[in-house]
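# Breakdown of the fold
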2 protein chains.
Amino acid sequence: MSPESLPTGLAVRLASRTGALTTVTSGLAPTHLQANLIVLPSRYASDFRLLCARNPVPCPLLAESSAPGSFSTLTTHLLSSTGTPVAVASDIDLRRDAPAYRVYRDGKLVSATEPKDVIPEWTEDHVGFLIGCSYSFETALTRAGLPPRHITLSRNVAMYRTTVPLCAAGIFAGGTYVVSMRPYRPSEIETVRAVTRPFVQTHGEPIAWGWEGAKQLGIKDISKPEWGDVVLGEDGETVFTEQDEEFVPVFWGCGVTPQNAVMMAGLEGTVMGHAPGYMIVLDVREEDVFGAK
Amino acid sequence: MSPESLPTGLAVRLASRTGALTTVTSGLAPTHLQANLIVLPSRYASDFRLLCARNPVPCPLLAESSAPGSFSTLTTHLLSSTGTPVAVASDIDLRRDAPAYRVYRDGKLVSATEPKDVIPEWTEDHVGFLIGCSYSFETALTRAGLPPRHITLSRNVAMYRTTVPLCAAGIFAGGTYVVSMRPYRPSEIETVRAVTRPFVQTHGEPIAWGWEGAKQLGIKDISKPEWGDVVLGEDGETVFTEQDEEFVPVFWGCGVTPQNAVMMAGLEGTVMGHAPGYMIVLDVREEDVFGAK
């Protein structure tokens, strides 16, 4: 389906809900926030909420089920630019509104195929969580004349496991930050920081940059991301490495962090999430949340 | 002055304000929250606020000047156990209510003596910030039969610089976590975590533990803290080292972190803070903030 035929978050959700939408959501419903989904048994909900509160940069919690079992009524944690709570979406079904899902049982992926809904898996005991996503600040970077290279080259962003510990929260102990990386010139970094700084509920400004930053994060080989695509040089052909004379890596907290922490925690029971790239698109628009103060 | 003669936060603040109190505040006004103070030129205030928002575990922001220059009217960020804002103190003067202060000019400590007030330094452009302190959870640990060793031995807690990067925020880039350490038996750690977990606005549960945790934080020699006193063995005579067969180190985010980040940022102008150990004691009581939900 073309981006033009899905101009709003609701249009994308309805197309997902009816099964019409089968692609990733990148580029759909421009200016509408997109969210990562994690669904947990209720006994893990308070620890997960605490994990997000203690690690808001990689784990920005936007909203959650208003009660265990609820898939269409959400409690929002999203604040407007003036500090008042903003409902993320009015007609939503967490079981069907991502175009594709993943299901884990006792910490293991259930099947290689990605179901179009999780209606059979969802129980009265499940709590859904929506986590902010970096698409918002990527639009802002593009508008500022600093488009991320993976967008220019139509690839997925590169993501890396780091050695930076998350602040432990109950059962979620021992996790580390996952970061996304976009290469920029050293002279561009202060502008890149300033452009992404206001997006406090979708990772905000970078957490580290430069080759020294990569080292501090414990990233040994920039050419080997754990998720997403290998980053190419500006020519779109060679691989981006430390030998690059013009660009350095810039790292942001990444929404894969909470998923990774959940997978590492060895939870019992059924856990669900959206399939990577197949996000839940919200009604809220960027200007509602990241407008001038 | 005896703890009995200063039973409330206001009593401690008035004794500081009049110059009668000249000791550290540890043990005074039991169950009242104590706070770290940082005072910055207003042009750094929004970056500092962002630093706290992005790093809430080591930098829990409790309250700040309601406007530049204000030392007696505060905007609170402290929430009650039911989620409503709680005023931290009704009769307060940030310039005089700590028993002793430190003053820095262009990043350098102004003098070796610690003034009893900062009235001559405070300008219409200064913004004061109050940061949570670990005294609250230490009382809770003691009540749970797990008194921190430095309390039992009447010493200062040991604090260490780590290699864990803070999430950058504007001018505050390149900082790292500072942690406090208290030794416990491995069998006690889950209880220690559970007891300190509710104290979300004063560092909460530990961020790492065990010798593996020390390594992950980049702490090479546990016998050499950067601040506070060397930790002794349970006998109170030997020094606590990795050779200890019964106890392991447990690490919490520490309120020295924001001070350290401020010192590292190379700020221009006059910066002030309380002298270490000489805190500002608040009206709010632990049960107002950390009560049952």
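Residues numbered from 1 in each chain as written. Chains lettered and ligands numbered in written order. Predicted model: local features only at pLDDT ≥ 70, side-chain atom pairs only at ≥ 80, totals over all residues. Heavy atoms only, no water.

## Here's the deal with helix α3 (residues 135-143) of chain A
It helps to recall that an α-helix has 3.6 residues per turn; residues three or four apart then point in one direction. All names here are of chain A. Of the positions making up α3, those classed as buried are Ser 136, Phe 137, Glu 138, Ala 140 and Leu 141. Against the buried residues of α3 lie β1 (32-41), α4 (149-152), β8 (176-184), α5 (189-196), β10 (248-253) and α8 (286-290). Of the residues flanking the end of α3, it is Gly 145, one or two places downstream, whose phi is positive at about 80°. (Buried < 20%, exposed > 50% of the residue type's maximum accessible area, 1.4 Å probe, protein only. Helix = DSSP H or I, 4+ residues; strand = E, 2+ residues; numbered from the N terminus. Contact = heavy atoms within 4.5 Å.)

## A few points about the interface of chain B and chain A
The partner chain A presents 27 residues to the 27 residues of chain B that form the contact. Interface of chain B and chain A: buried area, both sides summed, is about 1900 Å²; carbon and sulfur atoms make up 60% of it. The three residues of chain B that bury the most area against chain A are Arg 54, Pro 165 and Gln 216 of chain B, which together make up 26% of that side's buried surface. Where chain B packs against chain A, one counts zero salt bridges. Summed over the shared surface of chain B and chain A, the result is eight residue pairs in polar contact (both at pLDDT 80 or more). Elements with a contribution of two residues or more to the side of chain B that touches chain A: α2 (45-54), β7 (158-165) and β8 (176-184) of chain B. (Buried area = accessible area lost by both parts, 1.4 Å probe. Salt bridge = Lys/Arg side-chain N within 4 Å of Asp/Glu carboxyl O. Polar contact = N/O pair within 3.5 Å; in protein donor to acceptor, adjacent residues only side chain to side chain.)

## What to know about the sheet that holds strand β10 (residues 248-253) of chain B
All names here are of chain B. Here four strands make up an open sheet; going across it, the order is β7-β8-β10-β9 and the pairing antiparallel. For this open sheet the edge positions go to β7 and β9 (208-209), each flanked by a neighbour on one side alone. Taken together, the five bridges between β7 and β8 define a ladder with antiparallel strand orientation. Bridge assignment links Ala 158 to a residue of β8, and that residue is Met 181. Each of β8, β9 and β10 touches helix α5 (residues 189-196); the most contacted strand, β10, lies at about 15° to it. This element, helix α7 (residues 256-264), spans β7 and β8 of the sheet and lies at about 150° to β8. (Pairing = 2+ DSSP bridges. Axes fitted to C-alpha atoms, helices over the stretch in contact; angles between N-to-C directions.)

## A closer look at the relation of the copies chain B and chain A
Overlaying chain B on chain A yields an RMSD of 0.0 Å, the required transformation being a rotation through 180° with an accompanying axial translation of 0.0 Å. Here the symmetry operator amounts to a two-fold rotation axis. Proximity to the rotation axis, assessed at the C-alpha, singles out Val 164 of chain B in chain B; its C-alpha lies 3.0 Å from the axis. In this assembly the copies share their binding face: 100% of the residues contributing to the interface of chain B also contribute to that of chain A. (Least-squares fit on C-alpha atoms with pLDDT ≥ 70 in both.)

## Remarks on the packing of α3 of chain A against α5 of chain A
All names here are of chain A. Between α3 and α5, whose axes approach to 9 Å, the crossing angle comes to 130°. Relative to α5, α3 is oriented oblique. Helix-helix and strand crossings are classified by hand; for α3 and α5 the assignment is right-handed. In contact with Phe 137, Ala 140 and Leu 141 of α3, α5 contributes Val 192, Val 195 and Thr 196. (Parallel < 35°, antiparallel > 145°, perpendicular 65-115°, else oblique. Left-handed = near helix turned anticlockwise from the far one by under 90°.)

## A word on the pattern of salt bridges
As a working rule, side chains carrying opposite charge can pair if their charged atoms are close by. Taken as a whole, this structure holds 36 salt bridges over all chains when the rule is applied. Glu 287 of chain A serves as the salt-bridge partner of Arg 285 of chain A, at 3.5 Å between the closest nitrogen and oxygen. On the accessibility criterion, Arg 285 of chain A (33% relative accessible area) is partly exposed. For the salt bridge of Arg 185 of chain B with Glu 188 of chain B, the shortest nitrogen-to-oxygen distance reads 2.9 Å. Given a relative accessible area of 15%, Glu 188 of chain B falls into the buried group. By sharing partners, the salt bridges in this structure join Arg 13, Arg 17, Asp 91, Asp 97 and Asp 283 of chain A into a single network.

## Some words on the nonpolar core
Ranked by internal contacts, the top residues of the largest apolar core, which has 117 residues, are Leu 40 and Phe 48 of chain A together with Leu 40, Phe 48 and Leu 130 of chain B. Core analysis: the next-biggest nonpolar cluster, separate from the first, contains 36 residues, Val 118, Leu 141, Met 272 and Val 284 of chain A among them. (Core = buried A, V, L, I, M, F, W, Y, C linked by side-chain atoms within 4.5 Å.)

## A few points about the sheet that holds β8 of chain A
Hydrogen bonds along the backbone pair up the strands of a sheet, which may run parallel or antiparallel. All names here are of chain A. An order of β7-β8-β10-β9 is seen for the four strands of this open sheet, with the pairing classed as antiparallel. Two strands bound the open sheet, and with one partner strand each, they are β7 (158-165) and β9 (208-209). As defined by bridge partners, β9 adjoins β10 across two bridges and the pair is classed as antiparallel. Along β10, the bridge assignment pairs Ala 208 with Phe 251. Each of β7 and β8 is contacted by helix α7 (residues 256-264), which is oriented at about 150° to β8, the strand it contacts most.

## Quick word on the packing of aromatic side chains
Centre-to-centre distance and the angle between the planes together describe a pair of aromatic rings. Residues and elements named next belong to chain B. Here the structure, examined in full by the defined rule, presents 14 aromatic pairs over all chains. Both rings, one in Tyr 160 and one in Phe 251, keep their centres 6.4 Å apart while their planes meet at 80°; by these two values the pair is edge-to-face. With Tyr 160 in strand β7 and Phe 251 in strand β10, the pair connects residues that are 91 residues apart, well separated along the chain. With respect to class, Tyr 160 is no different from Phe 251; both count as buried. (Phe/Tyr/Trp six-rings, centres within 6.5 Å; stacked < 30°, edge-to-face > 60°.)

## Section: the side chain of Gln 201 of chain B
Residue and element names in this part refer to chain B. One can find Gln 201 in the loop between α5 and β9. A distance of 2.9 Å separates the side chain of Gln 201 from the backbone nitrogen of Leu 79, its partner in a polar contact. Setting aside anything within four residues of it in sequence, one finds Gln 201 in contact with Pro 60, Leu 62, His 77, Leu 78, Leu 79, Gly 132, Val 289 and Phe 290.

## Describing the environment of Asp 47 of chain A
Residues and elements named next belong to chain A. The residue Asp 47 is located in helix α2 (residues 45-54) in this model. Between the C-alpha atoms of Asp 47 and Trp 209, which are 162 residues apart in sequence, the distance is 31 Å. Setting aside residues up to four positions removed in sequence, Asp 47 forms contacts with Ala 169, Gly 170, Ile 171 and Phe 172.

## So, the domain arrangement of chain A
Residue and element names in this part refer to chain A. If you check the domain split of chain A, you get domain 1 (3-133 + 258-290) and domain 2 (135-257). On a C-alpha basis, the centres of domain 1 and domain 2 stand 22 Å from each other. Counting residues at the interface gives 37 residues for domain 1 and 30 residues for domain 2. Overall, the association of domain 1 and domain 2 removes approximately 2700 Å² of surface from exposure, summing both partners, and the carbon and sulfur fraction of that is 61%. Three residues, Cys 133, Asn 260 and Phe 290, lead the burial of domain 1 against domain 2; their summed loss comes to 23% of the area buried on that side. On the surface where domain 1 and domain 2 come into contact, there are zero salt bridges. In this assembly, domain 1 and domain 2 are joined by 13 residue pairs in polar contact (both at pLDDT 80 or more). (Domains from an automatic or database assignment.)

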